[in-house]
Amino acid sequence: MDKQYGGEQAATSQAAPGAASSDAALVGFREACWGAVIVAAGRGTRMGTPESKQFLLLRGKPVLVHTLELFQRMDAIREIVLVTGAADAERCRRWCGEYGLTKVAAIMEGGSERQHSVRIGLDSLSADWALVHDGVRPLVSEAAVSACLARAEETGAAVLAVPVKDTIKKVDAAGIIESTPDRSSLWAIQTPQAFRRARLREAHERALADGFLGTDDSMVVERLGDPVAVAEGEYTNIKITTPEDLPYAEFLLEQRERGR
């Protein structure tokens with residue numbers, strides 16, 4: 001599939017911890033070359049459906065398509081690499097044509113772990129900067145993505161996150177509370193996560209060589225000693241994982257469409 005890119009326009013971003021808000025701070029962001037790795041190779045069992053969650057219908061359209069359409073619309077994104085299961089590549093290719101997803105430059109077969117799938121996706125990107133996003137987070141907004149990209153360009157690496165609302169307890173194997181961390185310093189991490197592509201690829205290669213598996217991409221970059229900044233996201237950027245997530249996503253999407 002040929003690479004086809006959108007045009008350039010100024011990006012808008014929401015407030016983020018420590019992020020600059022002046023027009024000057026966005027100059028590099030407007031000119032940067034960004035690629036997106038969308039990870040959709042998982043076969044999660046918590047949804048309890050024969051179909052993988054990324055392919056379930058959300059308001060008549062596959063969850064994954066909603067996700068891809070968001071990055072298709074964003075002028076800052078020049079190319080998209082979709083990483084999915086081998087058995088799902090053909091229908092994903094068909095959807096790219098059906099829904100006009102012209103920025104999808106490659107559809108790759110994923111690895112046995114999410115981390116391996118990301119590394120495979122990075123190898124197919126040509127952009128200088130890379131973001132990684134879960135295919136089952138279809139409700140992330142353009143404003144939140146823009147905030148994450150702008151923050152990454154300031155610091156070298158950034159992730160979307162939201163402050164934790166609940167009191168968090170550390171519990172031992174017997175179910176006894178051990179401690180209560182200070183909630184003011186706790187953030188729930190989301191995607192996208194954004195980095196210089198070469199540095200993220202180096203981090204993944206190091207992790208592979210060391211046999212290290214992290215729970216997200218920021219962990220492999222942190223192992224190199226690099227600081228990773230936080231851009232404040234939105235609580236509506238949910239990850240569709242369990243049965244109750246889908247109707248909630250339907251509600252959020254309907255509310256968003258009504259507000260247009």
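Please refer to the structure higher up on the page.
From a predicted model like this one, the values you see are computed outputs, not experimental measurements. (Residues numbered from 1 in each chain as written. Predicted model: local features only at pLDDT ≥ 70, side-chain atom pairs only at ≥ 80, totals over all residues. Heavy atoms only, no water.)

1. What to know about unusual backbone geometry
Here comes step 1: The peptide bond linking T191 to P192 adopts the cis configuration, its omega dihedral lying at 15°.
Here comes step 2: Mapped onto the elements of the fold, P192 is located in strand β10 (residues 187-196). (Helix = DSSP H or I, 4+ residues; strand = E, 2+ residues; numbered from the N terminus.)

2. Remarks on helix α5 (residues 142-155)
Here comes step 1: With 14 residues, α5 extends 20 Å from end C-alpha to end C-alpha; this agrees with the ideal 20 Å at 1.5 Å per step.
Here comes step 2: Listed in full, the buried residues belonging to α5 are A144, V145, S146, A147, C148, L149, A150, R151, A152 and E153.
Here comes step 3: Phi turns positive, to about 100°, at G156, one or two residues after α5. (Expected span 1.5 Å × (residues − 1). Buried < 20%, exposed > 50% of the residue type's maximum accessible area, 1.4 Å probe, protein only.)

3. Examining the nonpolar core
Here comes step 1: Of all hydrophobic cores here, the largest spans 35 residues; its most connected members are I77 and L131.
Here comes step 2: The contact partners of L131, leaving out residues within four places of it in the chain, are W34, G35, A36, V37, F71, I77, V145, L149, P192, Q193 and A194.
Here comes step 3: If you look at the next biggest cluster of nonpolar residues, it comprises 18 residues, including V83, V132, F195 and A203. (Core = buried A, V, L, I, M, F, W, Y, C linked by side-chain atoms within 4.5 Å. Contact = heavy atoms within 4.5 Å.)

4. Comments concerning the packing of helix α4 (residues 114-123) against helix α6 (residues 197-210)
Here comes step 1: Where α4 meets α6, the axes come as close as 10 Å, and the angle between the chain directions of the two elements is 140°. Taken together, the axes of α4 and α6 are oblique relative to one another. In this structure, α4 meets α6 at a crossing whose hand is left-handed. Contact residues: Q115, V118, R119, L122 and D123 in α4; R197, L200, R201, H204, E205, A207 and L208 in α6.
Here comes step 2: Residues belonging to the contact of α4 with α6 are distributed by class as follows: five nonpolar, two polar and five charged. (Axes fitted to C-alpha atoms, helices over the stretch in contact; angles between N-to-C directions. Parallel < 35°, antiparallel > 145°, perpendicular 65-115°, else oblique. Left-handed = near helix turned anticlockwise from the far one by under 90°. Nonpolar A, V, L, I, M, F, W, Y, C, P; charged D, E, K, R; others polar.)

5. Considering the state of the cysteines
Linking two cysteines covalently via their sulfur atoms produces the bond known as a disulfide.
Here comes step 1: The full count for this structure, using the stated rule, is zero disulfides.
Here comes step 2: A disulfide-free cysteine, C92 has its sulfur positioned 7.0 Å from the sulfur of C96, the nearest such atom. (Disulfide = S-S within 2.5 Å.)

6. Some remarks on the pattern of salt bridges
Here comes step 1: Taken as a whole, this structure holds 18 salt bridges when the rule is applied.
Here comes step 2: The salt bridge partner of R201 is D123, with a shortest N-O separation of 2.6 Å. Of the two residues, R201 sits in helix α6 while D123 sits in helix α4, which places them 78 residues apart along the sequence.
Here comes step 3: Under the relative-accessibility criterion, D123 is labelled partly exposed at 43%.
Here comes step 4: Here E154 ties to R151 by a salt bridge, and the two come within 3.3 Å at their closest N and O atoms. Here the residue E154 and the residue R151 both occupy positions in helix α5, the gap between them amounting to three residues, near one helical turn.
Here comes step 5: By relative accessible area, R151 is classed as buried at 14%.
Here comes step 6: One continuous salt-bridge network, built from bridges that share partners, spans R114, D134, R137 and D217. (Salt bridge = Lys/Arg side-chain N within 4 Å of Asp/Glu carboxyl O.)

Honestly, that's just the spatial picture; any functional story needs more than this.
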